[in-house]
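Understanding the architecture of this molecule
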Amino acid sequence: MLLPEGVDWPPGSTLALRGPMGDGFSPPKSSRRWLLIAFGGADPYLRPMVDLGLAEGRAVAFVSDRQTHPLPPAVEVLSDPEEGLPWADYIAIGLPFDRLDDLSARMRGDAWHMRCLSQDDVLVVGPTPCGMGGCQACALEGQGARRLLCLDGAVLRLRDIRI
Amino acid sequence: MLISSGKREAIIDPPLMNTAGALGFSDETASSVDLGRLGAFVTHPISYAPRMATRETRLHDFPGGFLLHTGLPNPGLTAVLREHHRRWRRMPGPVIVHLIVDDPTQLRRMLLQLETEESVSAVELGLNTEDPALIARQLSPVISSELPIIARLNAGAGWPAIEAASAAGAAAISLVPPRGAFRVSERHLSGRAMGPGLFPIMLERTSAIAAALDKPLVVSGGIRNATDIGSLVHSGADAVQLDFALWTNPRILETYSPQGA
């Protein structure tokens with residue numbers, strides 16, 4: 001829809017990309033049990049973590065609230081994120097902006113209170129129309145400071161945003 | 001373009017600005033946009049008290065544009081001043097602070113704060129009503145302000161609303177596209193309409209208003225390129241404000257020339 005003026009992108013074109021191109025998911029090297037949680041259609045963003053985790057010999061569990069594409073047999077598919085919380089030593093969550101309240105409600109539960117969250121990540125899937133920190137359309141209220149997905153993301157530490 | 005409160009004045013040359021909400025609070029986007037090519041920089045909308053980002057759907061595409069609904073997140077004027085006033089002093093051109101108008105008492109306090117900040121050249125007030133009586137009430141602090149005030153109205157505002165803003169002491173009138181709405185997943189989503197599909201509307205309104213207005217007119221909405229800028233200036237706009245074009249075509253500032261207008 002909003003293509004640059006006079007754009008012409010034939011196959012093989014080199015594109016100059018503008019953010020977010022920052023941090024991805026960063027599980028601790030010592031983590032062995034990954035819980036991947038996808039809400040609201042964020043499954044494709046977590047799918048590469050499945051392959052990475054298995055390739056590195058980690059145990060991977062996946063939870064989605066949507067019908068997701070078939071996963072490798074080694075992945076344990078859970079029906080409820082709280083099932084995996086006591087087991088996982090790293091959590092990666094993907095969700096759109098309008099599911100933050102759902103996550104907030106879940107995290108008020110006891111199972112979440114038991115977790116440290118210091119090394120868990122969240123990818124909030126949302127618009128980044130300006131890509132340069134100007135429009136605030138990707139703003140997330142943080143602990144102590146507002147975060148912008150286009151500059152500070154795309155993946156943030158769960159402890160750094162105000163869920 | 002020159003705007004004056006009778007006590008202070010600001011010169012916006014070239015007559016190009018960003019819309020409030022396009023380029024952040026100060027120089028955050030300086031690595032992507034040549035701020036020195038703007039006649040003035042307009043800050044992201046700022047409120048008296050902090051506002052949080054919305055948790056609802058924030059962007060909805062439609063043919064010709066999109067709706068943007070952010071909730072206008074900002075930490076409040078006092079915090080913005082603390083964080084950005086030094087950066088404003090280093091900006092290459094005049095800084096216009098955009099304020100969200102909720103209450104005349106709060107507006108009066110904000111204007112008094114800004115009058116003491118040497119880096120602020122003018123103020124733009126975002127009005128969300130077209131009721132002349134309400135506009136007069138909301139803008140009541142303007143008449144005693146030292147700073148030149150730009151009153152920003154939706155393009156659908158009738159002449160009585162424009163007259164009310166002018167009579168309240170606005171040094172200039174700014175027109176923006178009206179808000180729009182869509183039904184998305186059984187939810188009513190409203191927001192600021194942006195995109196090239198709005199340009200014909202803004203050009204028509206410019207022609208209709210400029211001839212009768214005895215104050216400077218600033219227009220934004222749907223501007224894609226230097227040709228669009230020239231069309232608005234030719235139709236009577238004294239200055240224009242750019243929004244999405246700064247994101248998709250930052251070089252628009254380089255391609256503008258007064259001779260082309």
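Throughout what follows, the structure given in this document is the object of discussion. (Residues numbered from 1 in each chain as written. Chains lettered and ligands numbered in written order. Predicted model: local features only at pLDDT ≥ 70, side-chain atom pairs only at ≥ 80, totals over all residues. Heavy atoms only, no water.)

So, on to the interface of chain B and chain A. Opposite the 37 residues of chain B that make contact, chain A presents 25 residues. When chain B packs against chain A, close to 2,400 Å² is buried across both sides, 59% of that on carbon and sulfur atoms. Per-residue buried area on chain B facing chain A is highest for Arg55(B), Arg58(B) and Trp247(B); these three make up 32% of the total on that side. There are 1 salt bridge connecting chain B and chain A. The residue Arg55(B) makes a salt bridge to Asp101(A) at a minimum N-O spacing of 2.7 Å. Of all the elements in the fold, those that place two or more residues in the side of chain B that touches chain A are β5 (59–62), β6 (65–68) and α7 (244–248) of chain B. By residue number, the principal contributor to the side of chain B that touches chain A is α7(B), which donates 4 residues. (Contact = heavy atoms within 4.5 Å. Buried area = accessible area lost by both parts, 1.4 Å probe. Salt bridge = Lys/Arg side-chain N within 4 Å of Asp/Glu carboxyl O. Helix = DSSP H or I, 4+ residues; strand = E, 2+ residues; numbered from the N terminus.)

Moving on, we get to the environment of Pro200(B). Structurally, Pro200(B) can be placed in helix α5 (residues 199–210). As for Pro200(B) and Gly221(B), which are separated by 21 residues in sequence, their C-alpha atoms are 9.2 Å apart.

Quick look at the sheet that holds strand β7 (residues 95–100) of chain B now. All names here are of chain B. An order of β3-β14-β13-β10-β9-β8-β7-β4 is seen for the 8 strands of this open sheet, with the pairing classed as parallel. Two strands bound the open sheet, and with one partner strand each, they are β3 (16–18) and β4 (41–42). Both strand β9 (residues 149–154) and strand β10 (residues 172–176) contribute to a ladder of 5 bridges, which runs parallel. Residue pairing across strands places Leu 153 opposite Leu 175, the latter belonging to β10. Contacts from helix α4 (residues 159–167) reach β9 and β10 within the one sheet, and its direction differs from that of β9 by about 165 degrees. (Pairing = 2+ DSSP bridges. Axes fitted to C-alpha atoms, helices over the stretch in contact; angles between N-to-C directions.)

With that settled, the discussion passes to the pattern of salt bridges. The full count for this structure, using the stated rule, is 18 salt bridges over all chains. Between Glu56(A) and Arg58(A) there is a salt bridge whose closest N-O contact spans 2.7 Å. Residue Arg58(A) is classed as buried on the basis of its relative accessible area of 12%. With its nearest N and O atoms 3.1 Å apart, the salt bridge here joins Arg8(B) to Glu146(B). (Buried < 20%, exposed > 50% of the residue type's maximum accessible area, 1.4 Å probe, protein only.)

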